[in-house]
Amino acid sequence: MKKFIARIFGKKEEAPIKTNAEFWAWFKKHHKAFYKTVAKGENVEEAFFTQLGPKLDSLRPGYWFLCGMYDEHTAELIITADSFVKNIVFAEELVAAAPALKGWRFTALKPPHDVENCRVYMDWYKFNSETLRFYTIEEPLCPDEINIVIVHKDYTADNADDIIRGSYIFLEHYLGELNSITSIDSLDFKAPDDVTEELIDIERLKSYLVWREKEFVEKYEGQFPDIADDVVSVMQADLG
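All of the points below concern the structure found in this document.

Focus on the packing of helix α2 (residues 20-40) against helix α3 (residues 44-59)
Here is step 1: For the pair α2 and α3, the least separation of the axes is 10 Å and the interaxial angle reads 170°. Between α2 and α3, the crossing angle belongs to the class labelled roughly antiparallel. Within the contact between the two elements, α2 uses Asn20, Phe23, Trp26, Phe27, Phe34, Thr37 and Val38 and α3 uses Val44, Ala47, Phe48, Gln51, Leu52, Lys55, Leu56 and Leu59.
Here is step 2: A class-by-class count of the residues in the contact of α2 with α3 yields eleven nonpolar, three polar and one charged.

As for the sheet that holds strand β1 (residues 64-71)
Here is step 1: Pairing is mixed across the open sheet formed by three strands, whose spatial order is β1-β2-β3. Where the open sheet ends on each side, the last strands, each with one partner, are β1 and β3 (104-108). Shown here is a sheet whose adjacent strand axes are inclined to one another by a mean of 20°, direction ignored.
Here is step 2: Each of β1, β2 (74-80) and β3 is contacted by α2, which is oriented at about 110° to β3, the strand it contacts most.

Some thoughts on the sheet that holds strand β8 (residues 186-190)
By way of backbone hydrogen bonds, the strands of a sheet pair with one another, either parallel or antiparallel.
Here is step 1: Judged by pairing direction, the sheet is mixed, and its four strands sit side by side in the order β8-β7-β6-β9 without closing on themselves. Taken across any chain shown, the strands that pair with only one partner, and hence form the sheet edges, are β8 and β9 (200-201).
Here is step 2: Sheet topology note: the strand β7 (residues 147-152)/β8 ladder contains five bridges and is parallel. Within the sheet, the bridge partner assigned to Asn147 lies in β8 and is Ser186.
Here is step 3: Contacts from helix α5 (residues 160-175) reach β6 (132-137), β7 and β8 within the one sheet, and its direction differs from that of β8 by about 130°.
Here is step 4: Packed on one face of the sheet, helix α7 (residues 205-220) meets β6, β7 and β9 and runs near 25° to β6.

Some thoughts on the environment of Trp26
Here is step 1: Of note, Trp26 is situated in helix α2.
Here is step 2: Taking the C-alpha atoms as reference, Trp26 lies 9.8 Å from Leu52; in sequence the two are 26 residues apart.

Brief notes about α7
Here is step 1: An ideal rise of 1.5 Å per residue puts 22 Å on 16 residues; α7 measures up with 23 Å between its terminal C-alpha atoms.
Here is step 2: Of the residues making up α7, those classed as buried are Leu205, Tyr208, Leu209 and Arg212. The buried residues of α7 occupy an angular sector of 95° when projected down its axis, which confines them to one face. Of the exposed residues in α7, those oriented more than 90 degrees away from the buried face are Val210 and Lys214.

Thresholds, definitions, all that
- Residues numbered from 1 in each chain as written.
- Predicted model: local features only at pLDDT ≥ 70, side-chain atom pairs only at ≥ 80, totals over all residues.
- Heavy atoms only, no water.
- Axes fitted to C-alpha atoms, helices over the stretch in contact; angles between N-to-C directions.
- Helix = DSSP H or I, 4+ residues; strand = E, 2+ residues; numbered from the N terminus.
- Parallel < 35°, antiparallel > 145°, perpendicular 65-115°, else oblique.
- Contact = heavy atoms within 4.5 Å.
- Nonpolar A, V, L, I, M, F, W, Y, C, P; charged D, E, K, R; others polar.
- Pairing = 2+ DSSP bridges.
- Expected span 1.5 Å × (residues − 1).
- Buried < 20%, exposed > 50% of the residue type's maximum accessible area, 1.4 Å probe, protein only.
- Arc of directions from axis to C-beta.

Encoded structure:
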């Protein structure tokens with residue numbers, strides 16, 4: 001297999017990738033071999049991930065990616081910002097520039113999933129609808145802020161880092177990467193024994209956020225000035 005990889009990628013060092021167009025030109029050159037690797041599910045780390053990672057890092061540090069079979073005939077490559085807000089727009093621009101390649105689907109940021117399909121296992125802990133619940137905190141001075149507290153049934157001071165990391169991954173898959181970053185103003189974590197508030201099933205978090213967004217829009221609808229006429233006036237001004 002090592003000889004096969006050498007034949008595909010050659011022994012010569014390739015020039016660093018600096019633009020989206022250069023990245024996709026490189027990917028297009030190897031997309032058939034990549035597809036076979038992902039479809040077979042064999043040697044994916046060496047034959048695909050170790051090839052793709054350095055190219056993305058050369059293009060822009062901070063990109064992450066996920067890959068698997070979207071359906072029987074289509075491989076999906078998800079470019080993710082891994083919750084770094086500043087990289088979201090670059091991930092979206094990179095995917096927007098992707099060419100149409102047979103057998104491939106390209107997605108910017110982790111998409112949302114039904115809670116039934118969200119199961120994260122990490123460091124012997126489970127993150128799903130059975131282990132996670134939440135409650136909200138209302139701030140009288142900032143009534144429009146959405147403050148969420150996540151409660152994992154196994155949370156302790158000793159495993160806090162593991163539980164928090166796994167919970168974030170769960171939320172990215174459940175809400176979608178963009179929504180998990182932009183729709184919640186503050187996120188905290190607590191152990192069940194430290195909570196006195198009534199807990200809410202985690203599957204209701206998505207509908208809660210949709211309701212709060214709708215409430216915000218309705219509250220401020222019509223209160224912002226319409227600047228359309230001002231923009232047109234400026235564009236039509238006589239500069240001569």
